[in-house]
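Examining the three-dimensional arrangement
Single-letter residue listing:
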Amino acid sequence: MAKAPARAAIAQLVEHLICNQGVGGSSPSGGTGAHIRMQGQINRCFGRQFHVAAGETQRRFAPMAATRENLLVSIRKLLMRVLIVSAVLAHAACGKPETTAPDTAAPAATTETATETPAAAPADAAPDTAALQAAVAALPAPYNAANYEAGRRVFAQCRSCHVIEAGAPNRVGPNLHGVFGREIGTAPGFNYSQPVQDANFTWDAERLDHWLANPQTFLPGNRMAFAGVRDETQRRDLIAYLMVEAAAE
């Protein structure tokens, strides 16, 4: 903006000095007066440039000054609010009544009382093994020599398919309650295989012994997937157990 006149004035001054051999010398052409006029022109140019630059600087930095002032005002307001809140909290804390902590200590025992631990409830009565073994001893030979407990353990192999309780539902095999003296293939609600339906006899200890030895040999084609009880003593104990536990009332 004001740079072009300033450059022109400087150029004229330099040219004048060269032509007149110095600023302070006198010459026929009157160098001193020209120098004074030139200096005034330079002052006017540079003065105008200074004022323009100062105005530009003030215009650029004015928003920054305003922002700084606004920031200071905000900080003062925030500090004032913090002081007010602190004073309110301090006043509230001072105004609370003193409370005593509850005494959590256990009260001292006044008298000793003897408490008698109640006796544990009796467990379910275990089966009277002696009586059951006596019932086995009353069976006809050879089952009167059987062992009740041994027969119960052998029957554990059969429990996944058979039950012996009266009225219990059938499983994979029919309910064996009352099996002795019952006609083969007549347990209520059980769907027998065709070979069993075609058979015609009544279950007794002897036929059950043959069945238990090898079901497929005794009655080929039946659905009983059981290899059998090969040991004769185990079959005796099992049959004696069934004669006691599965007997019809």
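Residues numbered from 1 in each chain as written. Predicted model: local features only at pLDDT ≥ 70, side-chain atom pairs only at ≥ 80, totals over all residues. Heavy atoms only, no water.

1. Points about the pattern of salt bridges
- Scanning all chains against the criterion turns up four salt bridges.
- Close ionic contact of Arg152 with Glu149 constitutes a salt bridge, the shortest N to O distance being 2.5 Å. Remark: Glu149 and Arg152 occur in helix H4 (residues 148-155); sequence separation between them is three residues, near one turn of the helix.
- Look at Arg152 and you get partly exposed, because its relative accessible area is 37%.
- Classification of Glu149 by relative accessible area gives partly exposed; the value is 23%.
- Salt-bridge contacts for Asp204 lead to Arg207; the nearest nitrogen and oxygen are separated by 3.5 Å.
- Residue classification places Arg207 among the partly exposed residues on the basis of a relative accessible area of 34%. (Salt bridge = Lys/Arg side-chain N within 4 Å of Asp/Glu carboxyl O. Helix = DSSP H or I, 4+ residues; strand = E, 2+ residues; numbered from the N terminus. Buried < 20%, exposed > 50% of the residue type's maximum accessible area, 1.4 Å probe, protein only.)

2. Considerations on H4
- Considered for burial, the residues of H4 that qualify are Tyr148, Ala150, Gly151, Val154 and Phe155. The buried residues of H4 occupy an angular sector of 160° when projected down its axis, which confines them to one face.
- N-cap assignment for H4: the residue whose side-chain oxygen lies 3.0 Å from the backbone N of Glu149 is Asn147. (Arc of directions from axis to C-beta. Polar contact = N/O pair within 3.5 Å; in protein donor to acceptor, adjacent residues only side chain to side chain.)

3. Focus on the side chain of Ser193
- Note on placement: Ser193 falls in the loop between H4 and helix H5 (194-198).
- Ignoring anything within four residues of it in the chain, the contact list for Ser193 reads Gly221, Asn222 and Arg223. (Contact = heavy atoms within 4.5 Å.)

4. Some words on the packing of aromatic side chains
- What the rule picks out here adds up to eight aromatic pairs.
- Pairing Tyr148 with Tyr241 gives two aromatic rings, centres 5.3 Å apart and planes at 50°, and the pair type is tilted. One end of the pair, Tyr148, is in helix H4; the other, Tyr241, is in helix H8 (residues 232-245), with 93 residues separating them in the sequence.
- Assessed through its relative accessible area of 3%, Tyr241 is described here as buried. (Phe/Tyr/Trp six-rings, centres within 6.5 Å; stacked < 30°, edge-to-face > 60°.)

5. Here we look at the side chain of Asp209
- Here Asp209 is to be found in helix H6 (residues 205-213).
- Residue contacts for Asp209: discarding those within four places in its chain leaves Tyr143, Arg235 and Ile239.

6. Regarding the environment of Ile239
- Relative to the assigned elements, Ile239 resides in helix H8.
- Spatially, the C-alpha atom of Ile239 lies 9.7 Å from that of Tyr148, the residues being 91 residues apart in sequence.
- Beyond its immediate sequence surroundings of up to four residues, Ile239 is in contact with Tyr143, Phe180, Ala205, Leu208, Asp209 and Leu212.

7. Section: the confidence of the model for the protein
- Averaged over every residue, the pLDDT of the protein is 76; the share at 70 or more is 59%.
- The least confident element of the protein is helix H1 (residues 3-20), whose mean pLDDT is 57; the most confident is H8, at 97.
- Segment residues 21-30: pLDDT under 50, and six contacts once partners within four positions in sequence are set aside and those in other chains are kept.
- Within the model, the stretch residues 106-125 combines pLDDT values under 50 with zero contacts to residues more than four positions away or in other chains. (pLDDT = per-residue confidence, 0-100.)

8. Re the state of the cysteines
- In total, this model carries zero disulfides according to the counting rule given.
- Cysteine Cys158 is unpaired, with the sulfur of Cys161 as its nearest cysteine sulfur at 8.3 Å.
- The exposure class assigned to Cys161 is partly exposed, which follows from its relative accessible area of 28%. (Disulfide = S-S within 2.5 Å.)

9. Notes on the environment of Val179
- Inspection of the secondary structure puts Val179 in the loop between H4 and H5.
- The class of Val179 is buried, set by a relative accessible area of 6%.
- Placed 68 residues apart in sequence, Val179 and Ala247 show a C-alpha to C-alpha distance of 7.4 Å.
- The residues touching Val179, leaving out its near neighbours within four places in the chain, are Trp203 and Ala246.

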